[in-house]
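Commentary on secondary and tertiary structure
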Amino acid sequence: MAAGVTFLSSGAVLVLEIVGLRLIAPYVGITLQTNTAIIGFALAAIAIGAWAGGAAADRHDPRQLIAPLLVAGGALVVAVLPLVRFAGSVLTGADAGSVLLLAAVAVVVPAALLSAVPPMVVKLQLASLADTGSVVGKLSGIGTLGGIAATFVTGFLLIAVFPSSGILVGTGLVTVVAGIAVWLLLRRSTHQPGRLPAALLLVAVAGSLLAAVAPTPCEEETAYHCARVVADPERDTGRVLVLDTLRHSYVDLADPTYLEFEYVRAIAAVTDVLAPPGEALSALHLGGGGATVPRYLAEVRPGTTSRVLEVDPGVVEIDREQLGLETSADLEVRVGDARVGLAAEPAGERDLVVGDAFGGLSVPWQLATVEALRSVDRALTDDGVYVANLIDHPPLSFVRAELATMRQVWPHVLLLARAPVLAGEDGGNLVAVASSWPLEEAALADALLAQDSTWQVASSDEVAAFAGDARILTDDAAPVDQLLTPYGAPGS
């Protein structure tokens, strides 16, 4: 019983930690700060619970506390789901306050209660001081094994099969049932099981019922995102793919040449000047989303071959089932990390590489470094072009660093954006264009106008001045999330 209780209570905490990140992501996004907050609060809860549990075990009979703690912890694991969803409707946004508060709601109390159980089990197992080392070591190892097992089973199996809500409710109910079983066994063997307040069982039941009715922004939970497809009320065939907190892609089911988002029109303008109209290209797309650009290229440049590298298989399924994506020899989708896919690309075959991958609000750091960009350059033909979608707000520290990094790889880097963004007065999307040969800026400006875009072109010299002495991002040092300003100042 001691081994089972320790294994279960430690494992449940790790399940809560892993699923808690997915639970808060739809409201605050997935960033390094979000991960840090969840891990930090989970560790704090484990420390508080272990300390308090050990102190309580010295003052009270642990047999009267273990079962109630298991039931209470399990009940609150269940209750976390509706609590986060109701709180998330208020605490939305990537600001530090929202991230910290929502992360605290997701893990602290249930994790602390469950972490108080192992030191109580240790106290009961200590028959003499001579056994202290072996008992503490054995149960500490069992608890660690419980955490390891929960981590691997949750990350590799449960999340791929069940929604986060089901994992949390299931984990909580299993823990509650285990607490009841421990109470019954102690009652039979010692007649000192302590009281098992009925209110705790009511919390578990009420939490399960509230979980079923709590508001959720998810239409579908993928391996990486809370996803939904929203119809455009102003355009019958328009659909918006929303991933966590971002409107990620816009797809017109009837007209692949209709481009709603301005940054997509800027990317399209770059593709329009790469070759004579109608001439086929060979393109690689880092990040799939709704596959808007590959569809555009297939329509305006028949015969274009596009390979899309998309890390989330759930997004690909949504593309096929709800956004009308049809793959073929000319439009191929490979599921996997784009950095890994880049390494497998043949050298010198792509006319175009499009970077439009986002983890939360930023480009994944492993795609922003000089080493990653050298892999992009290796995949390009001698006159190929890399075009990347970036998001930042004043002071635009991340964009400046990424432009400085691009200039380490390519001699010619342009920047497309709205005039206030180029002036450093506003933020949002920017599109960087890098090549080994100079693109005609006037032709690119005309292509933007033809795409009904008011964006402007910053020349290579202007980009050099804009980047200034910004740091070069490398695999060894790429603080993308710290450089990024996710939202502008109020009123900007």
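All of these numbers come straight from a predicted model, not from anything done at the bench.

Calculation rules
- Residues numbered from 1 in each chain as written.
- Predicted model: local features only at pLDDT ≥ 70, side-chain atom pairs only at ≥ 80, totals over all residues.
- Heavy atoms only, no water.
- 1 Å grid on protein atoms, 1.4 Å probe; cavity = no way out; pocket = protein on both sides within 12 Å on 5 of 7 lines; lining within 4 Å.
- Points joined across faces, edges and corners; volume = space filled by probe spheres on them.
- Helix = DSSP H or I, 4+ residues; strand = E, 2+ residues; numbered from the N terminus.
- Nonpolar A, V, L, I, M, F, W, Y, C, P; charged D, E, K, R; others polar.
- Patch = residues over 30% accessible without salt bridge, like charges linked within 9 Å, V, L, I, M, F, W, Y side chains within 5 Å.
- Areas by Shrake-Rupley, 256 points an atom, 1.4 Å probe, with all protein chains shown as cover.
- Salt bridge = Lys/Arg side-chain N within 4 Å of Asp/Glu carboxyl O.
- Core = buried A, V, L, I, M, F, W, Y, C linked by side-chain atoms within 4.5 Å.
- Buried < 20%, exposed > 50% of the residue type's maximum accessible area, 1.4 Å probe, protein only.
- Contact = heavy atoms within 4.5 Å.
- Arc of directions from axis to C-beta.
- pLDDT = per-residue confidence, 0-100.
- Polar contact = N/O pair within 3.5 Å; in protein donor to acceptor, adjacent residues only side chain to side chain.

Describing the layout of surface pockets
Looking at the largest pocket, its volume works out to about 960 Å³. Looking at the largest pocket, it is lined by 40 residues, and the ones nearest its centre are Ile 30, Tyr 224, Gly 359, Pro 364 and Gln 366. Of all elements in the fold, only helix 1 (2-28), helix 2 (32-59), helix 6 (132-161), strand 6 (305-310) and helix 18 (480-483) reach the threshold of two or more residues within the lining of the largest pocket. Of the residues in the lining of the largest pocket, the class split is 21 nonpolar, 14 polar and five charged.

Quick look at a nonpolar patch on the surface
Taken together, the side chains of Phe 7, Leu 145, Ile 148, Phe 152, Val 153, Phe 156, Leu 157, Val 161 and Phe 162 present a nonpolar region at the surface, about 920 Å² in accessible area. At seven residues, the largest contribution of residues to the nonpolar patch is made by helix 6. Considering the arrangement of structural elements, one finds Val 153 in helix 6.

Let's talk about the nonpolar core
Core analysis: the largest hydrophobic core is formed by 57 residues, its most contacted members being Ile 24, Ile 66, Val 84, Leu 102 and Leu 168. Contributing elements (two or more residues each) for this core: helix 1, helix 2, helix 3 (66-88), helix 4 (96-115), helix 5 (117-125), helix 6, helix 7 (164-189) and helix 8 (198-213). Once you skip the residues sitting within four places of it in the chain, Leu 102 turns out to touch Ile 24, Tyr 27, Val 28, Val 84, Ala 87, Gly 88 and Leu 91. With 44 residues, the next largest nonpolar core counts Met 406, Ala 434, Val 463 and Leu 483 among its residues.

Things to note about helix 16 (residues 441-450)
Turning to helix 16, its buried residues number three or more, namely Leu 444, Ala 447 and Leu 448. Each buried residue of helix 16 sits inside an arc of 100° when the element is viewed along its axis, so together they form one side. Across helix 16 from its buried face, at more than 90 degrees, point the exposed residues Ala 442, Asp 446, Leu 449 and Ala 450. Tucked inside the fold, the buried residues of helix 16 contact helix 9 (262-272), strand 10 (412-417) and strand 12 (456-458). Downstream of helix 16 by one or two residues, Asp 452 has phi in the positive range, about 60°.

Section: the confidence of the model for the protein chain
Predicted confidence across the protein chain gives a mean pLDDT of 90, with 96% of residues reaching 70 or more. Put simply, helix 8 is where the protein chain has its lowest mean pLDDT, 74, and strand 10 is where it has its highest, 98. Confidence over residues 488-492 falls short of pLDDT 50; this stretch has two contacts with residues more than four positions distant or in other chains.

Notes on the side chain of Ser 435
Inspection of the secondary structure puts Ser 435 in strand 11 (residues 428-435). A distance of 2.5 Å separates a polar side-chain atom of Ser 435 from the backbone oxygen of Trp 437. When sequence neighbours within four positions are dropped, the list of residues in contact with Ser 435 reads Gly 384, Val 385, Trp 410, Pro 411 and His 412.

A few points about the pattern of salt bridges
Applying the stated criterion to the full structure yields 10 salt bridges. Notably, a salt bridge pairs Arg 63 with Asp 61, separated by 3.1 Å at the nearest N-O pair. With a shortest N-O distance of 3.2 Å, Asp 426 and Arg 418 are connected by a salt bridge. Given a relative accessible area of 26%, Arg 418 falls into the partly exposed group. A network of salt bridges, in which partner residues are shared, links Arg 307, Glu 332, Arg 334, Glu 345 and Arg 350.

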